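# Breakdown of the fold
Each chain, letter by letter, is given below.
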Amino acid sequence: MKTDFTKSKKGKILFLYYDPHYFHAALAKELHADFYPAPKLRSEKSNIITGGLSILKAVFTLPKNYDIYFCEGTYIIPVLAKKLGLIRKDAKIVNILASPLLYYIKTGLIKGIRKRFAITLLKEVDSFVCVSKMEDDLLKEIIPNAKSIVIYPFVKQEMEIEIMKKKNIIPNINAHKILTIGTHSAYYKGIDIVFEAFKIIKKKFPDAELNIVGNMPDLKKYVDCNYEGVHCLGYVKDLVKVIKESSLYIHMGRGDTFPVSILEVMQCGLPVIVSDATGVKEVIEKIDKNMISKLNENDLVNKTNEYFNLSQNQKIILSKRFYNIATSFNKDKIIKGTITKIEKGVKI
């Protein structure tokens, strides 16, 4: 069965989401999908019985009679439902890949039965939407025959408005104020590497400061928030103000597919250093490959010191280059032609 996305009537596509992320929701709306919240499956944090029961409940309550299940990382549910004959055999499953799942499988953080279970079910997915080329490469490494396309996220329009309000405020590029932003997991965002590097940087630049923004339950496991110069700010209402007060943004993601926070700070003209395990590296390399660090504190220290030692004019040039490339990541440009791209790339 070949399904034409552009002619699909309401009810034929189901968006099975967790949060949802605003970018994923925008794609689903463009596809005229029905929205359906999936229960969050946290079986890795529970025992086999409760974890298994939560999955089964989600599988047996999944809405039926849809042509396409458009999944926000929720592919396990429709895959199992299809195997059990609970949804149509000709229903297609499209999964958005925007989590560290594949990276954790590659690096061995996910292994054993969990790894086998994940890969076995991934192979049952008809096609994937990857939010970065890095993620697409990981997919093809683990599942060589997987069908996929790459669609980059965009900056939330509300954030773009806030940035435009303060457009004339330039970053404090001559200071030594480092900013990093994370959510959910400090480990996933590589905050520990940033902190360890900062302790070394602080010795060379005594006035250096590190602002850590975002609520991460495991933050104190990796960061001493009482360390001199470190400020654990948690949720910040006026994020643009904090960005503009900074001189450098650092993101040491471990398999972070395409964190939009990087685009946000770039649109504020703030230069960025990212790890080589962060999907946005494919954007950063177009600006300056020296702003991509290996996933360790020593290389990060070297990259940061090199940036801090640049002249004011060199930093201004970098700031403008980061700003210019980031402005192309807006909703109108990204979403335009999405239906056609998904239909042709996925070939459902």
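These remarks concern the structure in this document. (Residues numbered from 1 in each chain as written. Predicted model: local features only at pLDDT ≥ 70, side-chain atom pairs only at ≥ 80, totals over all residues. Heavy atoms only, no water.)

### Section: the packing of aromatic side chains
Where we set the bar: Any two of the Phe, Tyr and Trp rings considered here, Trp counted by its six-membered ring, make a pair once their centres fall within 6.5 Å; the pair's planes then place it as stacked at under 30 degrees, edge-to-face at over 60, or tilted in between. Helix and strand assignments come from DSSP, with helices taken as H or I runs of at least 4 residues and strands as E runs of at least 2, each series counted from the N terminus. Summary of the burial criterion: residues with accessible area below 20% of their type's maximum are buried, those above 50% are exposed, and those between are partly exposed, where the area comes from a 1.4 Å probe applied to protein chains only. For a Lys NZ or an Arg CZ to count as sitting over a ring, it must be within 6 Å of the ring centre and within 35 degrees of the ring normal.
In the structure shown here, the tally under the stated rule is 17 aromatic pairs. Taken together, a centroid distance of 6.2 Å and an interplanar angle of 35° make the contact between Y187 and Y222 tilted. Here Y222 lies in helix α9 (residues 219-222) and Y187 lies in the loop between β7 (177-181) and α8 (191-204), a separation of 35 residues in the sequence. A relative accessible area of 26% means that Y187 is categorised as partly exposed. With a centroid separation of 5.2 Å and an interplanar angle of 75°, the aromatic rings of F205 and F308 are classed as edge-to-face. Linking F205 in the loop between α8 and β8 (209-213) with F308 in helix α13 (residues 297-308), this pair joins segments that are 103 residues apart in sequence. F308 matches F205 in its accessibility class, with the two residues each being buried. Put simply, the rings of Y103, Y104, Y187, Y188 and Y222 touch in pairs and so form one group of aromatic residues. Across from the ring centre of Y307, 5.4 Å away, lies the NZ or CZ of K315, which sits over that ring.

### Overview of the pairing of strand β3 (residues 68-71)
A regular strand carries its side chains on alternate faces of the sheet. Quick reminder of the rule: By definition, two strands form a pair when at least two bridges between them are found by DSSP. Seen with the strands pointing away from the viewer, any crossover whose path from the first strand over the helix to the second strand runs clockwise is right-handed.
Here β3 shows two buried faces, one formed by I68 and F70 and the other by Y69 and C71. Bridging between strand β1 (residues 13-17) and β3 involves four bridges; their strand directions are parallel. Residue pairing across strands places I13 opposite I68, the latter belonging to β3. In terms of handedness, the path from β3 via helix α3 (residues 76-83) over to strand β4 (residues 92-97) forms a crossover that is right-handed.

### A word on the environment of N330
Where we set the bar: The contact criterion used throughout is that any non-hydrogen atoms of two residues lie within 4.5 Å.
Locating N330 in the fold gives a position in the loop between α14 (312-326) and α15 (331-335). Taking the C-alpha atoms as reference points, N330 and A25, separated by 305 residues in sequence, lie 15 Å from one another. The contact partners of N330, leaving out residues within four places of it in the chain, are F154 and E160.

### Re the packing of α8 against α13
We apply this condition: Throughout, an axis means a line fitted to C-alpha atoms (over the contacting stretch in the case of helices), and angles, computed between N-to-C directions, take values from 0 to 180 degrees. Just so you know how the angles are binned, under 35 degrees is roughly parallel, over 145 roughly antiparallel, 65 to 115 roughly perpendicular, and the rest oblique. Helix crossings are classified by the rotation of the near helix relative to the far one: an anticlockwise turn of less than a right angle makes the crossing left-handed, while a clockwise turn makes it right-handed.
Interhelical geometry of α8 versus α13 gives an angle of 50° and a closest axis separation of 9 Å. Relative to α13, the element α8 lies oblique. As α8 packs across α13, the resulting crossing turns out to be right-handed. Along the contact surface, α8 presents I193, V194, E196, A197, I200, I201 and K204, while α13 presents E297, N298, L300, V301, T304, N305 and F308.

### Comments concerning the layout of surface pockets
The following threshold applies: Grid points spaced at 1 Å over the protein atoms alone were grouped into cavities, where a 1.4 Å probe fits but cannot get out, and pockets, open sets with protein on both sides within 12 Å along at least five of seven lines, with lining residues defined by an atom within 4 Å of a point. Grid points are joined across faces, edges and corners, and a volume is the space filled by probe spheres set on the points.
The calculated volume of the second largest pocket comes to roughly 260 Å³. Lining the second largest pocket are 15 residues, with I170, P171, C268, G269 and S319 sitting closest to its centre. Among the secondary structure elements, those contributing two or more residues to the lining of the second largest pocket are α7 (157-165) and α14. Of all the elements, α14 adds the most residues to the lining of the second largest pocket, at four residues.

### Section: the state of the cysteines
Convention followed: The disulfide criterion is simple: two cysteine sulfur atoms within 2.5 Å.
Evaluated as defined, the whole model comprises one disulfide. The partner cysteine of C225 in its disulfide is C232, sulfur to sulfur 2.1 Å. Disulfide C225 to C232: torsion about the S-S bond roughly -90°, handedness left-handed. For C225, a relative accessible area of 22% gives the class partly exposed. With no disulfide partner, C130 has as its closest neighbouring cysteine sulfur the one in C71, 14 Å distant.

### Concerning helix α11 (residues 260-267)
Of all the eight residues making up α11, eight are buried; the element is thus mostly covered by neighbouring parts of the structure. Looking at α11, one finds that the buried residues are V260, S261, I262, L263, E264, V265, M266 and Q267. Looking one or two places after α11, you find G269, whose phi comes out positive at around 85°.

### With respect to the sheet that holds β3
Taken in spatial order, the six strands of this open sheet run β2-β1-β3-β4-β5-β6, and their pairing is parallel. In this open sheet, the two strands that pair with only one neighbour each are β2 (34-37) and β6 (148-150). Averaged over all neighbouring strand pairs, the angle between strand axes comes to 20°, with direction disregarded. Two elements, β1 and β2, share four bridges in a ladder whose sense is parallel. Following the sheet pairing, L14 is matched in β2 by D34. Each of β1, β3 and β4 is contacted by α3, which is oriented at about 160° to β4, the strand it contacts most.

### Overview of the sheet that holds strand β10 (residues 248-251)
Here we have six strands laid out as an open sheet, ordered β9-β8-β7-β10-β11-β12, and parallel in their pairing. Only two strands of the sheet have a single partner each, and these edge strands are β9 (230-234) and β12 (292-293). Pairing geometry for β8 and β9, over four bridges, is parallel. Residue pairing for β9: I212 is matched across the bridge by C232. Packing against the sheet, α11 makes contact with β7, β10 and β11 (272-275), and its axis sits at approximately 170° to β10.

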